[in-house]
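# Observations on chain architecture
This is what each chain is made of:
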Protein chains: 2
Amino acid sequence: MAAPRRLDDLDRLLALDPGGRGITRYATPGAALAAAHGLRRARRVVIVTGFCVPPGIPETDGPPGAAVLGRALHRLGAHVRYVTDASVRGSLAAALSALGEPPDVDVYHPGSEAARTLLARETPSHLIAIERPGRTATGEYLSARGESVAPWNSPLDELFVLAGKKARPQPRRSSNRPPAARAGHASSVTTFAVGDGGNEIGMGNVRPRLAREGALMARIASAVRVKYLVVAGVSNWGAYGIVAALSRLSGQMLLHGAAEERRLVEACVEAGAVDGITRRPEPTVDGLPLEAHAGFVALLGRAVLEPEDRRAQIRREVDRV
Amino acid sequence: MAAPRRLDDLDRLLALDPGGRGITRYATPGAALAAAHGLRRARRVVIVTGFCVPPGIPETDGPPGAAVLGRALHRLGAHVRYVTDASVRGSLAAALSALGEPPDVDVYHPGSEAARTLLARETPSHLIAIERPGRTATGEYLSARGESVAPWNSPLDELFVLAGKKARPQPRRSSNRPPAARAGHASSVTTFAVGDGGNEIGMGNVRPRLAREGALMARIASAVRVKYLVVAGVSNWGAYGIVAALSRLSGQMLLHGAAEERRLVEACVEAGAVDGITRRPEPTVDGLPLEAHAGFVALLGRAVLEPEDRRAQIRREVDRV
């Protein structure tokens, strides 16, 4: 009899679907580990996050994940910039402060050349979106219920659209231009995204399948693609999953703990965020109580180690007696 | 393209392997739900639990699971008896008290007719073992390290061995005896077990595969079989998984919450239990902090509902605004 395939607790945790939305059928085993491989030597990173469903009010899903992943990359030696809307800035800065990171967040000012200018200025090697609206095939930005959120979520996905375009082979006529002229090295930007609803940046990767789920999903699904997509039951969890994988690869514990998770979400709410589902200013995320998020982080922390390392750690614990 | 198979969060949670022991490759999807189907109309239940590795000192894995499952069956109308060793009685009674259940626990007094007498007296319809040593093929009771634990864990597995024997077709000559004479209806006893190590009652069901894992496992693996086996990364979690499934089937929330989980484990330790891995009198289970267990329960509570019911509950939450 063939040995049963060894699954990874990291994938099992990211496949949890507490909202019952069925979205984690798109959670591919190994996706977080693949993203971590793509990120572990990142040097210049731009992270975008923030999804406002009520006008101008961010949700608690997104900023915690962005801050935890940004801190991990910072610790691994990357230069990390955070970019979002003015209305999200406070919550993201609060999340960064709760983690002891500098609360420096850039506000995006949309305009015809805004994305190109940002890429030219920051020259990122890696672009990451955590729970950020992505345009549909018809260019709209829609909530899970199909309402437009374009007026209060600026088109930050343009960064990913540009990076995607530039990743294609350059036409011959431009081959003698210096690389710096090519929209800030956009051609060499690697893109990453985490989503949990279908309407976020990155979900373009699975859009053909999403579109077959029904009329509403076909309408809201984002067309914006990335190189590495991580789908999870809650977007914060997907970002934490990448950090767990980065911890495994680097041999450094980069993930936060359960107590920090509570502080993170509470800090976001104190700075004005609401639960994206209930829309209430309570320290919950996607309708789930803090216990569930703190518990997720505690279990994920265990999944950082490979099984044999988990056993070794337990043996060391025992020997400590 | 075929629709991806819909997995259940209940199975994903029971397949977590925080100890890195690889045991959850025996965690069969649907096992907890099958056990719940077998238990939901139980009338007379006997639950055994308690695994003492240091002489006379029970571990924190087992009594909480037994108490939570026993309370659930009690609420569903069953008469529930708890049977264990004298050394485990205090911890199990403390767990029951923490849940608001009567702390009545019977102590097993081994002897040649003890199991038969117990079955005749209690006439159980259902027998359940939660993290309870089961004899090996050579009749030993061994710890995960291969040390004998027989002197301080009485052979309660005899109940299951008898029930298994009686479940076989009766010889013709006994067919005219009244049912009550057949060792307390043992022939109609349905057996259940939860384990996380290989050496517990019930693991006989997967012993042939376990035995191929290595010399130590081949030696410690229990030969005692049951009708319904649930394997989990932590035995308490397996019992909680059955309760989550019972909740789904009955439409009643029978699972405890994160705060109760903390109280349960703390109550066991105050009554003398130790962590089965670290062997320290701390409120941890299998080397995992309370955060992980409380978090597991919070996430499992979410998995009680079918995905469509989870969505409906969230909609009701939103409408509450």
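Above this text you will find the structure in question.
Structure report, in brief. (Residues numbered from 1 in each chain as written. Chains lettered and ligands numbered in written order. Predicted model: local features only at pLDDT ≥ 70, side-chain atom pairs only at ≥ 80, totals over all residues. Heavy atoms only, no water.)

### Observations regarding the sheet that holds strand β6 (residues 228-231) of chain A
Residue and element names in this part refer to chain A. Definition in use: Strand pairing is defined by DSSP finding a minimum of two bridges between the two strands. Put simply, DSSP H or I for four residues or longer makes a helix, DSSP E for two residues or longer makes a strand, and each gets a number counted from the N terminus. Contacts are assigned to residue pairs with any non-hydrogen atoms lying within 4.5 Å of each other. Lines fitted to the C-alpha atoms define the axes, with helices restricted to the stretch that makes contact. Angles between their N-to-C directions range from 0 to 180 degrees.
Strand order in the open sheet formed by 6 strands is β3-β2-β1-β4-β5-β6, and the pairing between neighbours is parallel. For this open sheet the edge positions go to β3 (106-107) and β6, each flanked by a neighbour on one side alone. Two strands pair when backbone bridges link them, and strand β2 (residues 79-84) and β3 are joined in this way by 2 bridges, in the parallel orientation. The residue of β3 that forms the bridge with V83 is D106. Relative to the sheet, helix α4 (residues 86-98) contacts β1 (44-49), β2 and β3, its axis offset from that of β2 by approximately 140°.

### Brief notes about the interface of chain A and chain B
Under the convention used in this document: Once two parts are joined, some of their accessible surface, as seen by a 1.4 Å probe, is lost; buried area is that loss totalled over both. Here, a salt bridge means any side-chain nitrogen of Lys or Arg that lies within 4 Å of a carboxyl oxygen of Asp or Glu. In protein, a polar contact requires one atom able to donate a hydrogen and another able to accept it; more generally it is a pair of N or O atoms within 3.5 Å, and residues adjacent in sequence count only if both atoms are side-chain atoms. Residues are grouped as follows: Ala, Val, Leu, Ile, Met, Phe, Trp, Tyr, Cys and Pro are nonpolar; Asp, Glu, Lys and Arg are charged; every other residue, Gly included, is polar.
In this complex, chain A contributes 41 residues to the contact, which on the side of chain B involves 41 residues. The junction of chain A with chain B conceals about 3400 Å² of combined surface from both sides, 60% of it contributed by carbon and sulfur atoms. Here E291 of chain A makes a salt bridge to R262 of chain B, at a shortest N to O gap of 3.1 Å. Our count for the chain A to chain B interface comes out at 8 residue pairs in polar contact (both at pLDDT 80 or more). Taken together, the elements giving at least two residues each to the side of chain A that touches chain B come down to α1 (9-14), α10 (258-270), α11 (290-303) and α12 (307-319) of chain A. No other element matches the 8 residues that α11 of chain A contributes to the side of chain A that touches chain B. Across the side of chain A that touches chain B, the residue classes tally to 19 nonpolar, 6 polar and 16 charged.

### Structural notes on the relation of the copies chain A and chain B
Defined as follows: Least-squares fitting of one copy onto the other uses the C-alpha atoms of those residues that reach a pLDDT of at least 70 in both copies.
Mapping chain A onto chain B calls for a screw motion: a turn of 180° about the axis and a shift of 0.0 Å along it, with 0.0 Å RMSD after fitting. What we have between these two chains is a two-fold relation. When C-alpha positions in chain A are compared against the rotation axis, the closest is assigned to G295 of chain A, at 1.6 Å. Here 100% of the interface residues in chain A have copies in chain B that are interface residues too; the copies meet face to matching face.

### Observations concerning the environment of V285 of chain A
Considering the arrangement of structural elements, one finds V285 of chain A in the loop between α10 and α11. Remark: the alpha-carbon pair of V285 of chain A and E59 of chain A, spanning 226 residues in sequence, is separated by 7.9 Å.

### Notes on the sheet that holds strand β4 (residues 126-130) of chain B
All names here are of chain B. The strand order β3-β2-β1-β4-β5-β6 describes an open sheet built from 6 strands, whose pairing is parallel. Looking along the sheet, the strands with just one partner apiece sit at the ends: β3 (106-107) and β6 (228-231). Docked against the sheet, helix α4 (residues 86-98) engages β1 (44-49), β2 (79-84) and β3, running at close to 145° with respect to β2. In the packing of helix α5 (residues 114-122) onto the sheet, contacts are made with β1, β2, β3 and β4, and the angle to β1 comes to roughly 145°.

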